[in-house]
Structures are given as structure tokens and as C-alpha cells.
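These are the residues of each chain, in order.
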Amino acid sequence: MIKESELKALVTLLEDDDEEIISHVEKKLMEIGTGVIPLLEQEWETNFNPLIQRRIEDLIHTLQFELFQERLEDWKANREDDLLEGLWLVATYQYPDLDLEELRQQVHQLYVEVWREFREDLNPFDQVRVMNSVLFNRFKFRANTKNFHSPANSMVNAVLESKKGNPISLCAVYLLIARKLDLPIYGVNLPNLFILTYRSQHSDFYINVFNKGLIFSKEDIDNYLDHLDIPPQEIFYDPCPNIDIVLRCLRNLIVSFEKLGDYHKSDEIKTVLTKLDDKNIGFA
């Protein structure tokens with residue numbers, strides 16, 4: 001690891017007007033890797049030269065984006081069963097210092113509140129009604145229709161804090177709690193809408209979390225697709241894996257950043273999506 005004195009010497013060179021020197025310094029710092037981020041952050045706080053601060057900010061973002069990509073690829077390869085970790089990783093794009101264990105605790109607290117209302121003899125519909133009552137009536141989780149395209153709607157930490165989200169983020173929170181309750185609830189990819197399905201030997205129905213947990217049937221999906229003039233496909237009815245949920249969150253982020261005119265961020269997320277998405281499911 002680079003010594004602090006060596007880092008300070010390199011950072012001082014960022015003030016130089018020679019682009020070749022700047023390029024050499026940046027390359028040297030990039031070669032050190034993400035471990036240099038804390039030292040760069042410390043240097044940013046103590047250095048009051050605006051030019052150097054801006055160049056440090058650019059370096060930190062580049063390094064954090066590199067780490068963001070590496071973590072997502074590692075998650076997909078080794079821990080895809082951990083949905084919350086995948087959602088946390090998506091959120092670290094905007095909140096690089098976000099703590100995963102703190103998120104786990106927040107989800108656990110919601111689970112405890114739902115579990116307190118559960119009984120062993122509840123049928124599947126009543127199980128869902130209990131979930132709906134606690135999340136939508138007591139905790140006031142709701143659709144963020146006013147700022148539908150806000151990037152925050154795709155960040156699990158922001159959704160847990162504001163209690164507002166888009167279809168997939170609200171479904172993700174609902175799904176995380178359902179899994180802790182051992183309920184057979186899964187995500188389902190529909191065009192323009194993400195929903196959940198309750199799928200067991202004796203019960204098979206769908207849940208629209210964006211509409212406060214409304215329960216509906218396969219025929220309703222048929223009608224929805226017919227209204228959109230989209231031919232039915234298995235993917236529109238069957239459970240999807242966790243990677244599809246994370247990919248859809250990333251697609252939503254691309255749309256969000258493009259709506260804001262932040263094409264640099266949308267292009268970065270497109271880069272990540274290209275690396276992770278080997279099925280190319282096109283809808284957001």
C-alpha cells in the first residue's frame with residue numbers, strides 16, 4: 001500500500017498544468033486500486049485547492065465505479081441468492097458508504113412487525129393481507145407516483161427511509177420480508193410493471209405491490225398484456241431469479257438518469273448492465 005507521504009507528493013502534482021504529468025499521476029493512482037480511496041478522501045478534506053479537489057473527486061468516482069462493477073460481478077457469480085446484497089450494491093452507486101448490515105437490520109425490524117401479526121393457521125390470502133396491512137397501513141409504504149423517475153426509487157436504502165418507491169423497489173422490500181417468513185412469494189417480470197406471485201401446491205395468484213398489495217389472477221395478466229398488444233410469454237407469468245430483479249433496477253436507473261439529463265451516469269450504468277445481462281431482457 002502506498003505511504004501517505006508518497007500519496008501527498010502525487011496529489012501535489014495534480015496541480016500541474018502539464019496534461020502528460022496529470023495523466024501519469026492519475027494512472028499511477030489508478031494502478032494502486034480502490035484501497036487508496038480513504039487516503040484520497042482524507043487528502044480532499046485537507047486540501048483547499050479547488051482544481052486538486054475536483055481532480056481528486058474524479059479519481060475517487062472512477063475508483064468507486066470500478067469497485068461497484070467488481071462487487072456486482074462477484075455477487076452474481078457467488079451470492080446471487082442474497083437479494084438484499086444485490087440491492088445494496090445497486091444503491092452503492094449513489095451511496096458508496098452505505099452499510100449493508102444496517103440495511104439488514106431495517107429489513108429485520110419490518111419482518112418482526114409483520115411476524116407479530118402472523119398465525120400458523122392463516123391461509124395464503126390472509127397471509128398476504130397481513131403483509132399488506134402492516135406495510136401499507138401501519139408503515140405507509142406507497143407508490144412514488146409524483147416522482148416516479150427519481151433515481152431514489154431504485155435505491156433500497158432510500159425506499160426504506162421514505163417508504164416510497166417504484167414497482168420493483170416496493171416489490172423487493174415486500175419480497176425480502178416474505179422470504180424471511182418462508183412464504184412462497186417470488187418476483188415476476190411484466191412489461192412496464194414488476195409484480196409478485198404466491199406459488200405453492202394449493203395456491204397460485206399474483207400481487208401488485210405498487211397498488212398496495214392488490215391480489216389478482218393469471219387472467220388479469222392476460223388482459224393486461226392484451227391491452228398492451230404484447231403476446232404472452234412464460235416470463236410474464238413465472239418467477240424470476242434475483243439477478244433479473246437487480247438488472248431491472250439498473251435499467252430503471254438508466255431511465256432515471258436520462259430523464260435528469262445525466263448521461264454520464266446513465267452511460268456508466270449501461271456499461272455495468274452490458275457486463276451482467278447475458279439474457280438481454282429489454283423492458284424496464
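Data block above holds the structure.
We now turn to the structure provided with this report. Here the structure is a predicted model, which means the values were calculated and not measured.

### Observations concerning the packing of helix α5 (residues 83-91) against helix α11 (residues 242-259)
Now for step 1: Look at α5 against α11: their axes get within 9 Å of each other, and the N-to-C directions meet at 20°. One element, α5, and the other, α11, form an angle in the roughly parallel class. Crossing hand, α5 versus α11: right-handed. Within the contact between the two elements, α5 uses L83, G86, L87 and V90 and α11 uses N242, I245, V246, C249, L250 and L253.
Now for step 2: Residue composition of the contact of α5 with α11, grouped by class: eight nonpolar, two polar and no charged.

### Comments concerning unusual backbone geometry
Now for step 1: Notably, K163 is not glycine yet its phi reads approximately 65°, a positive angle.
Now for step 2: Assignment of secondary structure puts K163 in the loop between α8 (156-162) and β2 (164-165).
Now for step 3: Unusually for a residue other than glycine, K212 sits at a positive phi of about 55°.
Now for step 4: Structurally, K212 can be placed in the loop between β5 (204-208) and β6 (214-216).
Now for step 5: Of the residues examined, K212 reaches a relative accessible area of 56% and is grouped as exposed.

Basis of the calculations
Residues numbered from 1 in each chain as written. Predicted model: local features only at pLDDT ≥ 70, side-chain atom pairs only at ≥ 80, totals over all residues. Heavy atoms only, no water. Axes fitted to C-alpha atoms, helices over the stretch in contact; angles between N-to-C directions. Helix = DSSP H or I, 4+ residues; strand = E, 2+ residues; numbered from the N terminus. Parallel < 35°, antiparallel > 145°, perpendicular 65-115°, else oblique. Left-handed = near helix turned anticlockwise from the far one by under 90°. Contact = heavy atoms within 4.5 Å. Nonpolar A, V, L, I, M, F, W, Y, C, P; charged D, E, K, R; others polar. Buried < 20%, exposed > 50% of the residue type's maximum accessible area, 1.4 Å probe, protein only.

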